[in-house]
Amino acid sequence: MNVLSSAKSAIFSYLMVVYLFYNPTDSGAVQLNSENLDMTLASNELVFINFYAEWCRFSNILQPIFDEAADKVREAFPEAGRVVMGKVDCDKESSAASRFHISKYPTLKVIRNGQPTKREYRGARTVEAFADFIKKQLEDPIKEFFNLKDLEVLDTKKRIVVGYFDRRDMVEYNTFRRVATNLKEDCVFYAGFGDVVTAMHPPGTVSRHPIIVFRPDVAVSDANDETFTGNQNNFDELNIWVQQKCVPLVREITFENAEELTEEGLPFLILFHGPDDHQSIKDYKTIIETQLITEKQNINFLTADGKRFAHPLHHLGKSQSDLPLIAIDSFRHMYLFPSFKDMFVPGKLKQFLNDLYSGKLHREFHYGPEKSDDNTIEVMVVSNNGQDGGPRKGTTPPESTFKNLAPSNKRYTLLKDEL
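Residues numbered from 1 in each chain as written. Predicted model: local features only at pLDDT ≥ 70, side-chain atom pairs only at ≥ 80, totals over all residues. Heavy atoms only, no water.

Quick word on the pairing of strand β15 (residues 325–329)
Next up, step 1: Of all five residues in β15, five are buried, a share of seventy percent or more.
Next up, step 2: Of the two faces of β15, both are covered, the one formed by L325, A327 and D329 as well as the one formed by I326 and I328.
Next up, step 3: Relative to β15, strand β13 (residues 268–273) runs antiparallel, the two being bridged by five bridges. In the strand pairing of β15, F272 is matched with L325.
Next up, step 4: Note: β15 against strand β16 (residues 334–336), three bridges, orientation antiparallel. By the bridge assignment for β16, I328 is matched with Y335. (Buried < 20%, exposed > 50% of the residue type's maximum accessible area, 1.4 Å probe, protein only. Helix = DSSP H or I, 4+ residues; strand = E, 2+ residues; numbered from the N terminus. Pairing = 2+ DSSP bridges.)

Listed below in structure tokens is the structure:
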């Protein structure tokens, strides 16, 4: 009886904690601290956290807006375990600030299924924008297909993961859905069920094991389909595999993700291409993946639509008629690779990066070309009037244009220089 009484007491205490936690007497975002942070992250599908400091004016402007949005979200999604909007005072909870790598206030982080997402919230700071964001985050991340022919007309410029399942109540599908929730911003997820996927199995098969396949963005890459061969019940194993497939080595920079990419602090190696030039993107990706994969810790490999990013081109003295072209943006200056065709010469692009690391690119722009040998490349000098040419007296290189897309001190209190 003592054991039973202890068990009942423990259950009652737990239920009281849950009740008090999900029925707070105060309105607004839930105040998170060392005592309730881990429990909150572990017990909710989605946690949206405002990391703030009381002395930060941007944090003070945001706080009433964020609290009002939290009330609206709580009313729209009252069920426990679905979503929590919380806030962390980083001065009082310095360990949490360090854990989540907070470098500016306010920082808005999204945690799905207990794991922080790569992307922070960087959208509008209004009640409506926050509420809409939460609603979108809670949408089903998986699109159902009802015929195998539906898979023949998918967007070939998107990275796609397809799951073939017997039933929705399978453990494997639940794992698949959790992974899709975490990575839906990087890949598009599709699933089919029952008779729809019968053709994927040998005739007469009674017990049909689920199949999970990655389909690459074949319009802009030369990658092939791959089937997951690991344990489909193991969330971590499947999540790592899908992440490796869906988060590419070469990414596209847009005005929507530019702040995020610049905040990573790595110099950019950018292919500027025409809007419909898919072949140059394919070739560039192949070169990066086969020759420069060891540089991924030092460089952000990117592609950019030269029409949308006309300003950086103009800064380099170039226009859309000069596409495709490759350049480095070091967040101090921009350096132009001599010729796109030189990319196909083994070692040329690698040497371009080595010249950045060694400071040679910067020195040559200021003091003129250094004596070259067989292992170096002659970098094109871009003068102030946009005219390019061969070796001559050094000039001032164009200043970085992408650094202007980094987090702004007009929106954040920066704890350190971002770049």
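Now that the structure has been shown, we can carry on.
Things to note about the state of the cysteines
Next up, step 1: Within the structure shown, the criterion is met by one disulfide.
Next up, step 2: With its sulfur 2.0 Å from that of its partner, C187 forms a disulfide with C246. Between C187 and C246 the sulfur-sulfur dihedral comes to about -100°; the bridge is accordingly left-handed. Residue C187 is located in the loop between α6 (171–183) and β9 (188–193), and its partner C246 is located in helix α7 (residues 235–246); the two are separated by 59 residues in the primary sequence. Assigned by exposure class, C187 and C246 land together as buried.
Next up, step 3: Looking at C56, it has no disulfide partner, and the nearest cysteine sulfur is the one in C90, 9.9 Å off.
Next up, step 4: The class for C90 is buried, based on a relative accessible area of 3%. (Disulfide = S-S within 2.5 Å.)

What about the packing of helix α3 (residues 57–76) against helix α5 (residues 127–137)?
Next up, step 1: The geometry of α3 relative to α5 is characterised by a closest axis approach of 9 Å and an angle of 45° between their N-to-C directions. Between α3 and α5, the angle is such that the two are oblique. For the pair α3 and α5, the crossing hand works out as right-handed. Contact residues: α3 offers L62, I65, F66, E68, A69, K72 and V73, while α5 offers V127, E128, F130, A131 and I134.
Next up, step 2: A per-class count over the contact of α3 with α5 returns nine nonpolar, no polar and three charged. (Axes fitted to C-alpha atoms, helices over the stretch in contact; angles between N-to-C directions. Parallel < 35°, antiparallel > 145°, perpendicular 65-115°, else oblique. Left-handed = near helix turned anticlockwise from the far one by under 90°. Contact = heavy atoms within 4.5 Å. Nonpolar A, V, L, I, M, F, W, Y, C, P; charged D, E, K, R; others polar.)

Comments concerning the sheet that holds strand β8 (residues 160–165)
Next up, step 1: In space, the five strands of this open sheet follow the order β7-β9-β8-β10-β11, with mixed pairing throughout. In this open sheet, the two edge strands, each paired with only one partner strand, are β7 (142–144) and β11 (226–227).
Next up, step 2: Contacts between α6 and the sheet are confined to β7, β8, β9 and β10 (211–215), with β9 contributing the most and set at about 160° to the helix.
Next up, step 3: Here α7 sits on the sheet in contact with β8, β9, β10 and β11, set at roughly 20° to β10.

Description of the packing of aromatic side chains
Next up, step 1: Under the definition given, this model contains 24 aromatic pairs.
Next up, step 2: One aromatic cluster in this structure is built from F255, F268, F272, F309, F331 and F402.
Next up, step 3: Across from the ring centre of F235, 4.0 Å away, lies the NZ or CZ of R178, which sits over that ring. (Phe/Tyr/Trp six-rings, centres within 6.5 Å; stacked < 30°, edge-to-face > 60°. Lys NZ or Arg CZ within 6 Å of the ring centre and 35° of its normal.)

Comments concerning the sheet that holds β15
Next up, step 1: The five strands are arranged β12-β14-β13-β15-β16 in an open sheet whose pairing can be described as mixed. Of all the strands in the sheet, the pair left with one neighbour each is β12 (250–252) and β16. Strand-to-strand twist across the sheet, computed as the mean angle between neighbouring axes with direction ignored, equals 30°.
Next up, step 2: Each of β12, β13, β14 (300–305) and β15 is contacted by helix α9 (residues 278–291), which is oriented at about 155° to β13, the strand it contacts most.
Next up, step 3: Set on the sheet, helix α11 (residues 348–358) makes contact with β13, β14, β15 and β16; between it and β15 the angle comes to about 20°.

Concerning the nonpolar core
Next up, step 1: Among the nonpolar cores identified, the biggest contains 23 residues, and L269, Y284, F301, I326 and L349 are the most heavily contacted of them.
Next up, step 2: Counting residues per element, the ones that place at least two in this core are β13, α9, β15, α11 and α12 (360–367).
Next up, step 3: Filtering out sequence-adjacent residues up to four positions away, F301 remains in contact with L249, V250, R251, L269, Y284, I288, L292, E295, K296 and L353.
Next up, step 4: One finds I142, F176, L183 and F189 within the second-largest nonpolar core, a separate group that totals 21 residues. (Core = buried A, V, L, I, M, F, W, Y, C linked by side-chain atoms within 4.5 Å.)

Points about unusual backbone geometry
Next up, step 1: The linkage connecting Y105 with the following residue, P106, adopts the cis geometry, with an omega of -10°.
Next up, step 2: Take P106: it is sitting in the loop between β4 (104–105) and β5 (107–112).
Next up, step 3: Following L323, the chain continues into P324 via a peptide bond in cis, with omega recorded as 0°.
Next up, step 4: Here H101, not a glycine, exhibits a phi torsion of approximately 55°, which is positive.

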